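# Observations on the three-dimensional arrangement
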Amino acid sequence: MGLSKTDPQVYKLIKEEEKRQREVLEMIPSENYASHAVMEALGTVLTNKYSEGYPKKRYYQGNRVIDEIEQLAIDRAKKLFGVPYVNVQALSGSPANTAVYFALLTPLKDKIMGLSMASGGHLTHGLALNISGRFYKSSLYELGKDGQLDYAAIEKQAVREKPKIIICGYTAFPRIIDFKKFGQIADKVGAFLMADISHITGLVVAGAHPSPVPYAHIITTTTHKTLRGPRGALIMVTEKGFKKDPDLGRKIDSAIIPGLQGGPHDNQTAAIAVALKEASAPAFKKYGHQIVKNSKALAKALIKYGFDLLSGGSDNHLILIDLQNKKANGAVAAFALEVANIVVNKNLVLNDPMPSFYPSGIRLGTPAITTRGMKEKEMTKIAGWYSQVIDKVKNEQLPQEKEARVEFMKSFRQKAAKNKKLLQIAHEVKALTQKFPV
Ligand code: DSN
């Protein structure tokens, strides 16, 4: 029996979410629209199977077909990225990064060095509250005052701190990463270089961002961001990685299972294989380059409206706006934008005086709207809407006290949800989205 009959409540909620995704400008830079084929693979009988182990080395019977599927995903990833080893079983990005640490580091002894979250790094790059900063020693680096990576400072820190793994690749950094420089720094201090390219994988595959393959030892990536696949992750070892440690692949495989996980999600593996095939097609190259063109066009238009962008622009798929010059707060702005059918996330900015739940910035990006076919012309229009929305919420001053802030947000939400200007923009946005069907 179909879902609508078995569970009308869940069916209705899924349909509501489908409508929401259709009618908004989805601009969270880590989100995208997976293809119908990817979603079809996810919703199959593959979800019924257990397959602990690896192709041809399973602990359960009945894995003949699963072996072929997993091997296909591995082979496609190897070919697409140009690497000799891939593990496709990590359930998502955080488990993938954790598996690398588990494979290579001695807890409470070895050190990792990643970008701080406040500067745009990820939780799993050494944050004290995360397993990466709690089980392992961590030394965080920061962006320079100009919002750029300060390679000389990073090198100095690496020489001083002697990390076993240096991590590059970020969640809120709008510029090109010089993987070659990172490779040189890692080599100088004898560290492994791990490039977490989750955000930019699709750009790397399309040739719209340089590849870390010649310089990093290990590469991790999620599969659902710019790569446009299902939720999931890849862990890759490069030729350089094998030169440094010929046992690296085996160590990572056993960090995933039995180290961290049990059975892989075989439906997810199949969907990853589909996404990798889609990403190998010539159309994907165009897509990756268009993401960047759109991001640059949007950044340029936002600057014209007086927005203050981290590092002054964008070379990839994302933009970080510091709203302090507009006298606006990120939490307030993100909510108002959502009323206007524009979906972004609030985000810390460099040296943010505010706490992470009420940060001073918003993070936005172009992967999903580019999937819908939008181009530079639409970016100019979208920038205008950002300006109008932020104009509406400037001077909405958050109180200093924690409890008062909660109350403030509650009443602000009620007020904003009825704001005529925001609702009018929402209407205009919906009209635009109708011209670019998902
Ligand atoms: N949550 C992801 C992002 O939005 O960047 C990172 O894991």
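Residues numbered from 1 in each chain as written. Predicted model: local features only at pLDDT ≥ 70, side-chain atom pairs only at ≥ 80, totals over all residues. Heavy atoms only, no water.

### A look at a nonpolar patch on the surface
Spelled out, the test is: Each patch groups residues whose relative accessible area exceeds 30% and which form no salt bridge, using 9 Å between like charges and 5 Å between nonpolar side chains of Val, Leu, Ile, Met, Phe, Trp and Tyr. We get accessible surface area from the Shrake-Rupley algorithm with a probe of 1.4 Å; when it comes to residues, only the shown protein chains can shield them. Put simply, a salt bridge is a Lys or Arg side-chain nitrogen that is within 4 Å of an Asp or Glu carboxyl oxygen. Labels follow the DSSP assignment, with helices taken as runs of H or I lasting at least four residues and strands as runs of E lasting at least two, numbered in each case from the N terminus. Residue burial is assigned from relative accessible area. The probe radius is 1.4 Å, only protein chains are included, and a residue is buried under 20% of its type maximum, exposed over 50%, and partly exposed in between.
A contiguous nonpolar surface patch, about 310 Å² in accessible area, is contributed by Leu 3, Val 10, Tyr 11 and Ile 14. If you tally residues by element for the nonpolar patch, the top one is helix α2 (residues 8–23), at three residues. Relative to the assigned elements, Leu 3 resides in helix α1 (residues 3–6). On the basis of relative accessible area, Leu 3 is assigned to the partly exposed category, the value being 40%.

### Focus on the sheet that holds strand β15 (residues 361–365)
Which entries qualify depends on this criterion: At least two DSSP bridges between two strands are needed for those strands to be called paired. In this description, contact between two residues means that some pair of their heavy atoms is separated by no more than 4.5 Å. What counts as an axis is a line fitted to C-alpha atoms, over the stretch in contact for a helix, and the angles between N-to-C directions run from 0 to 180 degrees.
Taken in spatial order, the four strands of this open sheet run β11-β12-β15-β14, and their pairing is antiparallel. Sheet topology places β11 (308–309) and β14 (345–347) at the edges, where each strand pairs with a single neighbour. Together, β11, β12 (318–322) and β15 form the strand contacts of helix α13 (residues 282–304), whose direction differs from that of β12 by roughly 20 degrees. Docked against the sheet, helix α14 (residues 330–339) engages β14 and β15, running at close to 45 degrees with respect to β15.

### A few points about the UniProt feature "modified residue: N6-(pyridoxal phosphate)lysine" (unreviewed entry) in the chain
Using the following cut-off: UniProt positions are given in the numbering used here, feature names are shortened, and annotations may be inferred rather than shown by experiment. Here a polar contact is recorded for every N or O atom pair within 3.5 Å, except that within protein the pair must consist of a potential hydrogen donor and a potential acceptor, and residues adjacent in sequence are included only if both atoms are side-chain atoms.
Feature annotation in UniProt assigns "modified residue: N6-(pyridoxal phosphate)lysine" (unreviewed entry) to the following positions: Lys 225. Here Lys 225 lies in the loop between β9 (218–222) and β10 (233–237). On the accessibility criterion, Lys 225 (13% relative accessible area) is buried. Not counting chain neighbours up to four residues away, the residues in contact with Lys 225 comprise Ser 30, Asn 32, Ser 198 and His 199. Separated by 3.0 Å, the side chains of Lys 225 and Thr 222 make a polar contact.

### Details of the layout of surface pockets
We apply this condition: For each structure, a 1 Å grid was placed over the protein atoms alone; sets of points admitting a 1.4 Å probe that cannot get out are labelled cavities, open sets with protein on both sides within 12 Å along at least five of seven lines are labelled pockets, and lining residues have an atom within 4 Å of a point. Grid points are joined across faces, edges and corners, and a volume is the space filled by probe spheres set on the points. Three categories are distinguished: nonpolar for Ala, Val, Leu, Ile, Met, Phe, Trp, Tyr, Cys and Pro, charged for Asp, Glu, Lys and Arg, and polar for the others, with Gly belonging to the last.
Space inside the largest pocket adds up to approximately 1,200 Å³. Along its surface, the largest pocket is lined by 38 residues, and Gln 21, Asn 32, Tyr 33, Ala 34 and Met 39 are the ones closest to its centre. Listing elements by their share of the lining of the largest pocket, those giving two or more residues are α2, α3 (36–42) and α5 (93–104). The residue inventory of the lining of the largest pocket, partitioned by class, reads nine nonpolar, 18 polar and eleven charged. In this model, the second largest pocket occupies a volume close to 530 Å³. Around the second largest pocket sit 20 residues that line it, and Met 117, Gly 121, Leu 123, Thr 171 and Asn 347 are the ones nearest its centre. Sort the elements by how many residues they give to the lining of the second largest pocket and β14 lands first, with three residues. Here the lining of the second largest pocket is built from residues that sort into eight nonpolar, nine polar and three charged.

### Overview of the nonpolar core
Nonpolar side chains in soluble globular proteins generally cluster together in the buried interior. Our working rule: Only buried residues count toward a nonpolar core, which is a set of Ala, Val, Leu, Ile, Met, Phe, Trp, Tyr and Cys residues joined through side-chain atoms within 4.5 Å.
Residues Tyr 141, Leu 149, Cys 168, Tyr 170, Ile 177, Phe 182 and Leu 234 are the most contacted members of the largest nonpolar core, which totals 50 residues. In contact with Leu 149, not counting residues within four places along its chain, are Tyr 141, Leu 143, Ile 154, Tyr 170, Phe 173, Ile 177 and Phe 182.

### Let's talk about α5
Residues lying three or four places apart along an α-helix face the same way, a consequence of the helix completing one turn every 3.6 residues. Spelled out, the test is: Expected helix span is computed as 1.5 Å times (number of residues minus one).
For α5, which comprises twelve residues, the first-to-last C-alpha distance of 17 Å matches the rise-based estimate of 16 Å (1.5 Å per residue) to within 8%. Across the twelve residues that make up α5, a large majority, nine, are buried.

### Here we look at the site of the ligand
Stated formally: By convention in these notes, a residue is near a molecule or strand provided one of its non-hydrogen atoms lies within 4 Å of it. More than half of a molecule's atoms within 2 Å of the grid points is what it takes for that molecule to sit in a cavity or pocket.
Taken together, Ser 30, His 122, Thr 171, His 199, Lys 225 and Arg 363 make up the full set of residues near the ligand. His 122 places a side-chain nitrogen or oxygen 2.9 Å from an oxygen atom of the ligand. With respect to the ligand, the side chain of Arg 363 contributes an N or O atom lying 2.7 Å from an oxygen atom. In isolation the ligand has 230 Å² of accessible area, and contact with the protein removes 63% of it. Under a 2 Å grid-point criterion requiring more than half of the atoms, the pocket assigned to the ligand is the second largest pocket. Of the residues in the shell around the ligand, the class split is no nonpolar, four polar and two charged.

### Side note on the packing of α13 against helix α16 (residues 376–393)
Rules: When describing relative orientation, an angle under 35 degrees is termed roughly parallel and one over 145 degrees roughly antiparallel, while 65 to 115 degrees is termed roughly perpendicular and anything else oblique. Each helix crossing is assigned a hand: it is left-handed if the near helix lies turned anticlockwise from the far helix by less than a right angle, otherwise right-handed if that turn is clockwise.
In contact at an axis separation of 8 Å, α13 and α16 are set at 40 degrees when each is read in the N-to-C sense. One finds that α13 runs oblique with respect to α16. Where α13 crosses over α16, the two elements pack in a sense that is right-handed. From α13, Gln 290, Lys 293, Asn 294, Ala 297, Leu 298, Ala 301 and Leu 302 reach across to α16, where they touch Glu 376, Met 379, Thr 380, Ile 382, Ala 383 and Tyr 386. A breakdown of the residues in the contact of α13 with α16 according to their chemical character gives eight nonpolar, three polar and two charged.

### As for the pattern of salt bridges
Within the structure shown, the criterion is met by 23 salt bridges. Linking Lys 394 and Asp 391 is a salt bridge whose minimum nitrogen-to-oxygen distance equals 2.9 Å. Several salt bridges converge on common partners, so that one network encompasses Lys 15, Glu 18 and Arg 22.

### So, the side chain of Asn 32
You can see Asn 32 is positioned in the loop between β1 (25–26) and α3. Among the polar contacts listed, one links the side chain of Asn 32 to the side chain of Tyr 287, at a separation of 2.8 Å. At 2.7 Å, the side chain of Asn 32 and the side chain of Thr 371 are in polar contact. Discounting residues that sit within four places of it in the chain, Asn 32 has contacts with His 224, Lys 225, Thr 226, Arg 228, Tyr 287, Pro 367, Ala 368 and Thr 371.

### Section: the side chain of Gln 261
Mapped onto the elements, Gln 261 comes out in the loop between α11 (248–260) and α12 (266–280). Residue class for Gln 261 comes out buried when judged on its relative accessible area of 11%. Within the local environment of Gln 261, its side chain forms a polar contact with the backbone oxygen of Gln 89, the two atoms lying 2.9 Å apart. Gln 261 has contacts with Gln 89, Ala 90, Leu 91, Pro 95 and Ile 256, leaving out every residue within four places of it along the chain.

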